[in-house]
Amino acid sequence: MQIFGVDIGGSGIKGAPVDLDRGDLAEERYKVLTPHPATPDAVADGVKEVVGHFGWTGPVGITFPGVVTGGATIRTAANVDKDWIDTDARALLSDRLDGLPVTVLNDADAAGVAEVQFGAGRDRQGTVILLTFGTGIGSALFIDGELVPNTELGHLELGGHDAEKRASTKAKEDHELSWERWAHRVQRYLAHVEMLFSPELFIIGGGVSRKADKFLPLIAGIKAEIVPAQLQNNAGIVGAAMRAAKAAM
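A brief report on the enclosed structure follows. The numbering scheme is per chain: residues are counted from 1 as the chain's sequence reads. Under the rules for a predicted model, residues below a pLDDT of 70 receive no local features and side-chain atom pairs below 80 are neither given nor counted, while totals for whole chains, interfaces and linings still include all residues. Note that water and hydrogens are dropped before the side-chain values are worked out from all heavy atoms of the structure.

Any Lys or Arg side-chain nitrogen found within 4 Å of a carboxyl oxygen on Asp or Glu counts as a salt bridge. Under the counting rule described, the total for this entry stands at nine salt bridges. Between Arg96 and Asp45 there is a salt bridge, with the nearest N and O atoms lying 2.6 Å from each other. Of this pair, Arg96 sits in helix α2 (residues 89–96) while Asp45 sits in helix α1 (residues 40–53), and the two are 51 residues apart along the sequence. By relative accessible area, which is 18% here, Arg96 ends up buried. Each residue is placed in one exposure class: buried if its accessible area under a 1.4 Å probe, protein chains only, is under 20% of its type's maximum, exposed if it is over 50%, and partly exposed if it falls in between. Looking at Asp45, the relative accessible area reads 43%, which means it is partly exposed. Each helix is a run of H or I in the DSSP string that is no shorter than four residues. Each strand is a run of E no shorter than two, and both are numbered from the N terminus.

Attention now moves to the environment of Ala111. Mapped onto the secondary structure, Ala111 falls in helix α3 (residues 107–118). Residues Ala111 and Leu25, 86 residues apart in the sequence, show an inter-C-alpha distance of 13 Å.

Empty space among the atoms becomes apparent when a probe as large as a water molecule is rolled across them. For each structure, a 1 Å grid was placed over the protein atoms alone; sets of points admitting a 1.4 Å probe that cannot get out are labelled cavities, open sets with protein on both sides within 12 Å along at least five of seven lines are labelled pockets, and lining residues have an atom within 4 Å of a point. Grid points are joined across faces, edges and corners, and a volume is the space filled by probe spheres set on the points. Estimated volume of the largest pocket: approximately 860 Å³. In terms of lining, the largest pocket is formed by 43 residues, of which the most central are Phe133, Gly134, Thr135, Gly207 and Asn233. For the lining of the largest pocket, the elements supplying multiple residues, two or more each, are β1 (2–8), β2 (12–19), α3, β9 (127–133), β10 (137–143), α5 (169–174) and α7 (235–248). Examining the composition of the lining of the largest pocket, we find that four residues originate from one element, α5, more than from any other. Classification used: nonpolar for Ala, Val, Leu, Ile, Met, Phe, Trp, Tyr, Cys and Pro, charged for Asp, Glu, Lys and Arg, polar for all others including Gly. Broken down by class, the residue content of the lining of the largest pocket amounts to twelve nonpolar, 19 polar and twelve charged. Within this model, the second largest pocket holds a volume of roughly 390 Å³. In terms of lining, the second largest pocket is formed by 15 residues, of which the most central are Val113, Gln117, Met242, Arg243 and Lys246. Within the residue set of the lining of the second largest pocket, elements represented by two or more residues are α3, β11 (146–148) and α7.

Attention now goes to the pairing of β1. The side chains of a regular strand alternate, residue by residue, between the two faces of the sheet. Here β1 lies mainly inside the structure; six of its seven residues are buried. Two strands pair under a simple rule: DSSP has to find at least two bridges between them. Two strands pair when backbone bridges link them, and β1 and β2 are joined in this way by seven bridges, in the antiparallel orientation. Following the sheet pairing, Val6 is matched in β2 by Gly15. A loop of three residues connects β1 with β2, the two strands running antiparallel in sequence. As judged from the four bridges shared by β1 and strand β5 (residues 60–64), these two strands associate in the parallel manner. Across the sheet, the residue bridging to Phe4 is Val60, located in β5.

Further remarks concern the nonpolar core. As a rule of thumb, nonpolar side chains are buried together in soluble globular proteins. For the purposes of this section, nonpolar cores are sets of buried Ala, Val, Leu, Ile, Met, Phe, Trp, Tyr and Cys residues that join through side-chain atoms within 4.5 Å. Within the largest apolar cluster, 56 residues are counted, with the highest numbers of intra-cluster contacts made by Val6, Val47, Val51, Val60, Ile62 and Trp84. When residues of this core are assigned to their parent elements, the largest contribution, seven residues, is made by α7. Setting aside anything within four residues of it in sequence, one finds Trp84 in contact with Ala38, Thr39, Pro40, Val43, Phe64, Ile74, Ala77, Ala89 and Leu92. The contact criterion used is simple: two residues touch if any of their non-hydrogen atoms lie within 4.5 Å.

Our focus in this paragraph is the side chain of Asp19. Note that Asp19 resides in strand β2. Since its relative accessible area comes to 17%, Asp19 is described here as buried. At 2.9 Å, the side chain of Asp19 and the backbone nitrogen of Asp21 are in polar contact. The contacts of Asp19, once residues within four sequence positions are left out, are Met1, Gln2, Asp24, Leu25 and Ala26. N or O atoms closer than or at 3.5 Å make up a polar contact, with two conditions inside protein: a donor-capable atom paired with an acceptor-capable one, and, for residues adjacent in sequence, both atoms drawn from side chains.

Structural data, given as structure tokens:
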């Protein structure tokens, strides 16, 4: 079975049909740059281009980098235009896609759903936290395999700042941090999250998960197991498609 997944990020909008039996992309993903400013209309145009590239005509799952309530309404927009707040994203995006059925969920929640079903969190019980490092820091919290949605742990305070302003991949690039210095910031952040939730497992996702060997060995003092995401930066696309398939049942 194939369903289309789209992952809206702070830097790019990417999507592809997903093979839900394998939990992997059925075709090579297509990506466009996230417009700046990332207004609802501009982002919706980007989503339309990605979906149209494949000539897709079925259900579409779409992630959003912020809190999504009721499967539709955007409540926060830290890394996109603030005009998103209170927007009915499901209605907007379905309209832009000529009425295709649309499911919307938080981007890190989507990545977590995919990793728990098909990746590093498969068959893991207890508390599992996936953290995506990119333009910001997204989070997905699972208790015995069940998602607690919209946790947004990237906005915990760390050193007087939003954690994602100190420990995201963007922060590493903006401040020209070495892997060692960035790993120290990530370590401080993980220690703070561990103090609050005592997880058995941290899954590290986002594009930087492809380079896990450069920083995970530098992180010490964390009691939880720390592993890179197996689906890497495709996890959001896969999880979005999974939720769209569930909604279509």
